Structure formats: C-alpha cells, structure tokens
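Understanding the architecture of this molecule
What follows is each chain in one-letter form.
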Amino acid sequence: MNSKDKIYGTGDGEASSASSTAVTTSPELSPSPNSGLPVETDTMKRAAAKKLIERYFYQLIDGCGNSNCDNEYCASSGKVKNLTPNQAAAQAIQLFSQEAKLCDAQPTKVARTQSDLRSKNNENGRSNDGNSRLGSSKIPSTCNTPEPESGIPKNSKLDGQSTTNSSQGKEVPYITEEKLLKILETCKQESSYSLLIRTLGEVYSSADSLSQSFLIHAGSSIDAMLDKAPKDLKNLKKEDVRTMEGDLDKDEDSQEVNQEEGECSERCQSRKSTSPSDDLRVDIPSLRRAYKALFEVPGSVFESALVHALRTLSGNLELDLRLFGRGAKNDNAEDVLNVFVIVLEIPALGSSEYLEMALPLVCKAASHLPLRLQARLAQIWARHCRTRLKGMLEALQQLITLKVISGQFSRDYCVQDEETITAPTKLMKVVYYANILAGELDPPELRQEDNSVPTDDSLLSNISGNKNPPPPQHGDPLGELLQVNVLDSRCPYLPFTEFYNEPLSDAIEMDKDFAYYRSESPTSSSPETRKFSFMNYAFILTPATKTLGLYYDNRIRMYSERRMSFFHSVVGQPTNPYLRLKVRRDHIIDDALVELEMVAMENPKDLKKQLVVEFEGEQGIDEGGVSKEFFQLIVEEIFNPDYGMFTFQNETQTVWFNPTSFESDAQFTLIGIVLGLAIYNNIILDVHFPMVVYRKLMGKKGTFYDLEDWNQTLFTGLKGMLEYEADDMEETFVQTFRICYQDVFGTTFFHELKEGGDQIYVCQDNKKEFIDLYADFLLNKSVEKQFRAFRRGFQMVTDESPLHLLFRPEEVEQLVCGSKNFDFNELEEATEYDGGYTLDSPTIRNFWEIVHKMSLESKRKLLQFATGSDRVPVGGLSKLKLIIARNGPDSDRLPTAHTCFNVLLLPEYESKEKLNDRLMKAINYSKGFGML
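Residues numbered from 1 in each chain as written. Predicted model: local features only at pLDDT ≥ 70, side-chain atom pairs only at ≥ 80, totals over all residues. Heavy atoms only, no water.

1. Considering the overall build of the protein chain
- Regarding its fold elements, the protein chain presents 36 helices and twelve strands.
- Going through the 932 residues of the protein chain one by one, you find that 51% of them count as buried.
- The long-range fraction of contacts in the protein chain, counting pairs at least 24 apart against all pairs at least 6 apart in sequence, stands at 76%.
- Working note: accessible area of the protein chain is about 42600 Å², and carbon and sulfur atoms make up 48% of it. (Helix = DSSP H or I, 4+ residues; strand = E, 2+ residues; numbered from the N terminus. Buried < 20%, exposed > 50% of the residue type's maximum accessible area, 1.4 Å probe, protein only. Contact = heavy atoms within 4.5 Å. Areas by Shrake-Rupley, 256 points an atom, 1.4 Å probe, with all protein chains shown as cover.)

Here it is, written out as structure tokens:
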C-alpha cells in the first residue's frame, strides 16, 4: 500500500467514463434521511461519493494531462481559473451533484503539478551532500498517473504527503503534525529524543524537505466542505455551494481575527484580498498545534539541533536566492514561501539561542527575496497569519535592539553597514505591509488627486505658474506592487508606533543616513553595492529622528540656493542668498503676504532659501528666534475667526476652512506657503487643524470616519443612523438628501447631495450613500477651491522634500504643531549650564522649584520667553537643549534670553523670592527684540 492508500484508503467506489461522456451516479450516493438504511451504509455511500468528488477536485486543480482537452471543468483545457483549495472543493461537490463530465487521466500526458514545475527548474540546480534542496540537479521527472484504486494523481500540488524527489530516487523527508506527534510519543516511551533530534535536523536543514512539510492535503478541504454540505448531495443548489464556501472562509478568518475587533465595514471588506496570490499551501492550524506540542518537550533537548538546522537552511537559501535566483520565477516560488512561513511561525524565535544564532541568518536569507515574493509573503501573512504578526515584530525588534546595543559603531562603521541590523529591517518592511493589509483599509480611489479644477483668480495662476513639472512623489516599490499605501490604512492590525525602535533611532547618524539616501541611484549601482538608508524604512524611525532627516534635506537645499546666489554674483547678476521679509508688527499680515506674493510670482524657487525676518524699528538679528516670533504672530492673526478665512469648531477646538470666505484663492495659497515655510525652516506652529487636514495635505480625501475629530456630535449622529436597523427609518429620522449648513455670519444655506435630493428620503437602502455624500460635501467639495489653493501653496515649498516618504499624517501634525507633552522634568534633565552655573547651584535649584510649581500657562510663557516658541518639539522637551547661563551677580535686572540659541541669561539672585518676582515679570511682559 503506497502513501496515497494510507491517506485515502482503497475502494472501488469510483465511476469514470470517457472524456466525452458524463458521470453517472446512483441515487444511493445521496441517501435520504428517511431511507431507513443503516448508519454504516450511509457512511459508506458518502465515502464513495467523496472518492468521486476527489477526482473532480484534482481535475480542477491539476487537469487530466491532455493538452487538447475541451472539458470546461478541467484545468488542462485552460478554461478553469486559478482556484483556492476551498473554491476547488466547493466546485467539485457542485460538479458531482450535476453529474458533470469527468476526464480520463492520460498516462502519456503529464498534468500541471508542482513536482513537474520543480523538476523542470532543477535541471540546472545544485545539490548538497545528497540532501535535496531547492534546485537539486538530480531530481527526476515523474509521470503524474492516477492511482488505480483512488484516482488521485501522485505528486499533486495539493497532496504534499508523498514525494519522491531525491537524487537516489528515495523519498524526500518531510514532516506533518501526525508524524511529529507519533515521534514525540515514541521518544517519551523510549526516554530518548534522538529520533526527534535527527528528524528535525534532517527536515529543517533542507528547503526541499521543509517546503513539503505541514501541507494542506486535498482531504482537509473536501472534508471541511462536506461537513457543511447538506446530506442530499445529488440535489445541491448554487446557493448551497456559495454558502459552504463562504462559511468555510469565515471559519478560517475567525481563527485569525479576534472577536473584539468586530467586522470591517463594507469599504474595508472591499479591499480584503481574495486572489490566489495570498493562497497558502501550508496548514497553519496544524503547524501551530505541532509547534505547541514540540515546545512542550521539557529541557529544550531539541533546540540546539533545530537552531543548527535553521542556520544550515538559511545559508543554503541565501545562496540559492542570491546567486541562483531561486524564487525569481514561478517554479520555486511556492516552495520558498512555504519555507519562510514555516520557519517564522516558530514561537521561540525571540528567545536567546534563536535570537542570537538562527534569526539573523533567516533574516539575511529573507532580505534576498525577490520583490514579488515579498509581496506574496505580506499577503499571506495578512490573511493567514495575522495573529503571528505581533510575535514576529517583537522578535525582529529584539534582534535589532540587541545588535544596536552590543555593536561597536563609529563614523567609519555605522549601523547602516551592519547586516544583522539591516536584514531584519528589510524583513520588518514585509511585516509592516502585512500589518496594513490585515487592518481596515479605505479604497485607493480616495488617494487620487485632481488638480484640474479651474480657479477664478488670475493671481493664483500666476503664483502657482511653475513651468517645471512637479517632481515624482517618493514611492515604495513593495507598496506599489501591493497597490497599497499607508494613507489607505484607517486602522492597522497593530499600531504603527509599535514599529518604532528607539535604540536604533538614537544610534543612527542621520547626516550619514541622509547622504546614503541622496546617493542612491537605481540605474548607477547594483542592489548589492548600494548603500542602505533607513530613510527608505522610515516606519522604524521615531518622529524625532525623521525630523532630523527632513532638517538635513532642507538645509542642503538652502545651502544650494546660497551657492547659486554666489555664482550669480560672480557673473554679475547678484541675487539675495536669503528669503528676506521685512514686516511691521502692527501690519504683519499685509506686509508678509504682499512680500510672499511678490516672491511667488517672480521666482518661486526663492521660497527654498533660508528665511530671514526683520521687524521694522527693532534691532534683533534673525538667527532663528525672530522667525519663530514672526510665525507665531502671523498664525494668531490668520487663524483668528474675525479674519474670515477660517471658522472655529467649538466642540473640537479646531479651525476649518470657511466655505463662504470672501478672500481670494491667492490668499489661501499664501497661507499654504506660510505653513510650508514653517516646516521648511524647522519652526513649530500653534495651529489647531483637525487630522483630516493633514491627511488631505498628504493626498487623501476626507471620509465619514474623519468626521470624528472634525465634529464629534455630527459623527455620533451619523453613526447612529448607520447602525439603525429598524424598518421605520424614514419616519424616525425624516431626513432627505437635502442638507443645510451655516456660514460664520449665521446665514443658512441648503445643498442637495444628489439631483432631486429634497424628494429622496434616507432609508435602509440608501443610508450609507447619504452618509458618504454628506461627509464628502463637508470635508471635500464645500471647501474644494480653498483647500486646493492652500495645498498648492504648501507644495510650492515642500514639493521636493521627502515629507511623503518619511511621515504619516499623524506625524506631520507633530511636525507642524510639536508634541503635546509638557514634561518639564525632561527639560530639567536635558538643560545645560554655562557661565559658572551647575546643577547644584542655589539659583538653579530655586529656578527649577519655581518652574515645577508654575501653571501650564506660565510654563508656556517661559518656553516662549526662552526659546521664541511655546511649543514642545517633536520627541518632547528633552530635545530642546535649553542653556541657562549666569548673567552677573545679584542685581535688579530682569532675566533675558537669546531665543535664537535657546539661552536663558539669569543673574545670580540672592533669594528665591526675588528670583520668582523677576522671572514672572520677564515672562509676562516681554515683547520685541533689542541689542544687549
């Protein structure tokens, strides 16, 4: 009895006909519940039916082998689409009930099987010490003939329980849950684990062996489908087939999705991948049960052997992927994916021995996966292994942190040069995209940008009339292949913050990393010699570190503009190397916008120069501090509701574009320029936009879910409407597709969301359409002209920066507004002292005692006085680097500050009371700049 007989048994319960005839089945194969037959007879007849269903199953998956086959239900005819095992099992049951045509197997033809694909590729492969691996050159091609008793093709790509690929013609060793449990039982009885150690070493050191292990066999899909099928298979309906297939998919998904996550919305479900690209041959539940039983073995007697086998496997895989291009074509792709799925399911990867010896080599091998297989792996993990994502991420984070802490790095050898750090970072990117795919996604159509809406303002067209085409946006190749973007992620499976690695972020020298990033040129260097830059893996960097990368990019552009100004001066065409603005405090809006308007019209590239601000009638020299105050003052004026450009949302304490503003589009463009200049010059602003503004700035339209932080009351009401299920919806809500809204002056406006909307009442059938149209009008269409002008101005400054590459919308908000954590303990720990002061000086101790007792408002005033801004930088107050310097002995002088350099000049007051009095007067009555 061969392996097929062991699995499926033997019997003569099959009936086959010539390829031109249909299958005839006896009514006895569909016993009636009232037939009165013994239970054993019903069971035997159902088993016989299963044999025939299995033949249909393999006909759909592998075909009959006849290249001229015209059977529409046979894979050899080319008329059958790629089916998942569940889809094939459901369709096989349906074909059985319809008595559909069943082909004869062709002994002289070879059906499409995984074994044949592998043998074709292995002609130019390699072998190692007689152990077959991917690409073993001596593997013979075997003919795919049916078993005489079961009719199931040998070596079918879904069988996986019997392989004969071997350089000597013997079976390649593989392992299943059943085999492993038997081995464990034998070892316990014999009180010796040598058999287990030998088996694990043999299977886990060979890619061929491991790729054939823990596979889903045909019986598992058919059995699961038959369990859900009605007893009368003969009279099966299409609805029954769809129900069976849908229920089975739900059962598989429920194993991965926690109950508290609930169901995704229809929009989210539309993005869930159901294509064969995320289909998996590995039986994940069986694999996890096997690992659970394995790691219950006391004393970890097998782990050294498993680690050694994984090291051997990883080294061989790396060679195959790197030198021989295994997996680059479809022939080895499934085997390679199986190996990585099985290995990365090991629950102990984050423990000491695996972490130090095995996981680094596994990551090195995975880093050479072709981009196509990386995408497939992300899809597989997202659909089948989502509960394992957290464990994989933690193991990779531990490995990176361990190598960062234990490594010896210098300017000549930095973290970017350490492969045990860069390789797990590359693999983490696959986990990152799997995390996005496993979460809730919005449709990609929301990312489309339409800049074709005309404007009535001729001045705006002059301002934005940049004749050069906009540079292409930075895109990630893996994300583009998966057709997914971080902007699509409404709710990732794991929070994005869990991907931050703070030790790595602190260890990276961003100036060098930025140089590596700028030196990248895919056409000029091969991937093997190209320098690694973490800016292409920004998900692992903290926002503070990413801000440094953006800072270096902006500064280099500023220096480039200065250099060009110098060259122009040499040839007799002197230009100003800076973007200079001279403004009056009492007319700051008019002066600033007029000057920016002139710059934008004459030469928009001047906006990329370093900003230098001068207040008329004041002596301050702008080394950064004057610019900070300029932005603070202009923001206070622009976003004042009395100015009429923005409205204030009382409930959320945020500002929004006034849809009925009398200001021209050019004014909104100039406001966008101001916001872009603040980011470009590394200045934090006191603005209060809802998060949807930052998402729209990054290129994503507003949706219903963005209403939550825009107008909480409205969001709650619409959510209640969406969740209302009763049939009396029209009478309860009495809402049509006509809405009303008010402008800042209290005038009421009406708008029909669709033609004839006043006559269309919201009901159960159209409530989602109403909510989507309502949100789209409020967040997109009603402010379309204003926001388009605003975004155009913003992009005039930031179009060439890696802002989209580095930051998510939530991080852009931090970049613009700073952190919201006013932790003055962090500031005290980070502060430096000069001029004779130390941490233990009496004046310094008194100073911090006073500061810690201040109200939040007074603390903000202190920050404003000492640094020129009352905002907390990205990363917290520990990033501020305040300096307190001694400014002479005790006197009646007030404290002063060099805001450009964050220096607080503090006389050595004789008492705490005097220090408190002088300090409070200084921070409450300070305004303007002068010379000391």
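We are not done yet, so read on.
2. Some points on the nonpolar core
- Among the nonpolar cores identified, the biggest contains 184 residues, and Tyr204 and Trp381 are the most heavily contacted of them.
- Looking at which element gives the most residues to this core, the answer is helix α17 (residues 419-438), with twelve residues.
- Composition of this core by domain shows at least three residues from each of domain 2 (174-217 + 279-348) and domain 3 (370-449 + 476-520).
- If near-sequence neighbours (up to four positions away) are discounted, Trp381 is found in contact with Val341, Leu344, Arg386, Leu389, Met392, Leu427, Val430, Val431 and Ala434. (Core = buried A, V, L, I, M, F, W, Y, C linked by side-chain atoms within 4.5 Å. Domains from an automatic or database assignment.)

3. Quick look at the side chain of Ser367
- Checked against the element boundaries, Ser367 lands in the loop between α14 (352-366) and α15 (371-384).
- Given a relative accessible area of 16%, Ser367 falls into the buried group.
- When near neighbours in sequence (up to four residues on either side) are disregarded, Ser367 contacts Ala423 and Lys426.

4. Some thoughts on the pairing of strand β5 (residues 646-649)
- With four bridges connecting them, β5 and strand β6 (residues 654-657) associate as antiparallel partners. Residue pairing across strands places Gln649 opposite Thr654, the latter belonging to β6.
- With antiparallel pairing between neighbouring strands as the criterion, β5 and β6 make up a hairpin whose turn holds four residues, including Gln653 at a positive phi of roughly 55°. (Pairing = 2+ DSSP bridges.)

5. A few points about the pattern of salt bridges
- Counted according to the given criterion, the structure contains 41 salt bridges.
- Asp553 serves as the salt-bridge partner of Arg518, at 3.8 Å between the closest nitrogen and oxygen. Placement of the pair is Arg518 in helix α21 (residues 510-519) and Asp553 in helix α22 (residues 543-570), with a sequence separation of 35 residues.
- Arg886 is paired through a salt bridge with Glu908; the nearest N and O atoms lie 2.7 Å apart. You can see Arg886 sitting in strand β10 (residues 883-886) and its partner Glu908 sitting in the loop between β12 (903-906) and α36 (912-924), a full 22 residues away along the chain. (Salt bridge = Lys/Arg side-chain N within 4 Å of Asp/Glu carboxyl O.)

6. Brief notes about the side chain of Gln610
- Counting through the fold element by element, Gln610 comes out in strand β4 (residues 610-615).
- Those residues in contact with Gln610, other than ones at most four positions away along the chain, are Arg555, Met558, Arg562, Tyr578, Leu579 and Asn681.

7. What about the packing of aromatic side chains?
- Summed over the entire model, instances satisfying the criterion amount to 39 aromatic pairs.
- Consider the rings of Tyr551 and Tyr552, whose centres lie 5.8 Å apart with planes at 65°: the pair is edge-to-face.
- The exposure class assigned to Tyr551 is partly exposed, which follows from its relative accessible area of 29%.
- Consider the rings of Tyr724 and Phe733, whose centres lie 5.3 Å apart with planes at 85°: the pair is edge-to-face.
- For Tyr724, a relative accessible area of 23% gives the class partly exposed.
- Pairwise contacts between aromatic rings join Phe639, Phe646, Trp656, Phe657, Phe668, Phe689, Tyr694, Trp710, Phe787 and Phe790 into one cluster.
- Between Lys429 and the ring centre of Tyr537, over which it is positioned, the NZ or CZ distance is 4.2 Å. (Phe/Tyr/Trp six-rings, centres within 6.5 Å; stacked < 30°, edge-to-face > 60°. Lys NZ or Arg CZ within 6 Å of the ring centre and 35° of its normal.)

8. Examining the UniProt feature "active site" (unreviewed entry) in the protein chain
- According to UniProt, the positions carrying the feature "active site" (unreviewed entry) are Cys900.
- Locating Cys900 in the fold gives a position in the loop between β11 (896-898) and β12. (UniProt positions renumbered as here; feature names shortened; annotations may be inferred.)

9. Overview of a negative patch on the surface
- There is a patch of like negative charges on the surface, built from Asp727, Asp728, Glu730 and Glu731.
- Here Glu731 is to be found in helix α28 (residues 729-733). (Patch = residues over 30% accessible without salt bridge, like charges linked within 9 Å, V, L, I, M, F, W, Y side chains within 5 Å. Lys, Arg positive; Asp, Glu negative; His and termini not counted. Charge placed at Lys NZ, Arg CZ, Asp CG, Glu CD.)

10. Remarks on the confidence of the model for the protein chain
- Of the residues in the protein chain, 74% have a pLDDT of 70 or more, and the chain-wide mean is 77.
- Mean pLDDT per element in the protein chain: helix α1 (residues 3-8) is the minimum at 35, and α17 is the maximum at 95.
- In this model residues 106-169 is a low-confidence stretch, pLDDT under 50, and it forms 170 contacts with partners more than four residues away in sequence or in other chains.
- Every residue in residues 450-472 scores below 50 in pLDDT, and together they form 35 contacts with partners more than four places removed in sequence or on other chains. (pLDDT = per-residue confidence, 0-100.)

11. A short note on unusual backbone geometry
- Phi is positive for Gln653, which is not a glycine, with a value near 55°.
- Within the element layout of this structure, Gln653 appears in the loop between β5 and β6.
- You will see that Asn682, though not glycine, has its phi angle at about 60°, which is positive.
- Considering the arrangement of structural elements, one finds Asn682 in the loop between α25 (665-680) and α26 (691-697).

12. Structural notes on the environment of Leu287
- Position of Leu287 relative to the elements: it lies in helix α11 (residues 284-294).
- Leu287 gets classed as buried once you look at its relative accessible area, which sits at 0%.
- A C-alpha to C-alpha distance of 6.0 Å links Leu287 and Phe214, two positions 73 residues apart in sequence.
- Contact partners of Leu287, with chain neighbours within four places excluded, come to Phe214, Val282, Val341, Ile342 and Glu345.

13. Structural notes on the pairing of strand β7 (residues 738-742)
- Pairing between β7 and strand β8 (residues 748-752): five bridges, direction antiparallel. Within β8, the residue paired with Arg738 across the bridge is Glu752.
- Between the antiparallel neighbours β7 and β8 lie five residues, among them Gly746 with a positive phi of about 85°.

14. Side note on the sheet that holds strand β9 (residues 832-834)
- Taken in spatial order, the four strands of this open sheet run β9-β10-β12-β11, and their pairing is mixed. Looking along the sheet, the strands with just one partner apiece sit at the ends: β9 and β11. Averaged over all pairs of adjacent strands, the angle between strand axes in this sheet comes to 25°, irrespective of strand direction.
- One ladder, built from three bridges, connects β11 with β12; its direction is antiparallel. Its bridge partner being in β12, Ala897 is matched across the sheet by Leu904. (Axes fitted to C-alpha atoms, helices over the stretch in contact; angles between N-to-C directions.)

15. What to know about the packing of helix α16 (residues 389-406) against α17
- The N-to-C vectors of α16 and α17 enclose an angle of 155°; their axes lie 10 Å apart at closest approach. Classified by the angle between their axes, α16 and α17 sit roughly antiparallel to one another. Of the two possible hands of crossing, α16 and α17 adopt the one that is left-handed. Judged by residue contacts, Leu389, Leu393, Leu396, Gln397, Leu399, Ile400, Lys403 and Val404 of α16 engage Thr420, Ile421, Pro424, Thr425, Leu427, Met428, Val431, Ala434, Asn435 and Ala438 from α17.
- Among the residues forming the contact of α16 with α17, the class breakdown is 13 nonpolar, four polar and one charged. (Parallel < 35°, antiparallel > 145°, perpendicular 65-115°, else oblique. Left-handed = near helix turned anticlockwise from the far one by under 90°. Nonpolar A, V, L, I, M, F, W, Y, C, P; charged D, E, K, R; others polar.)

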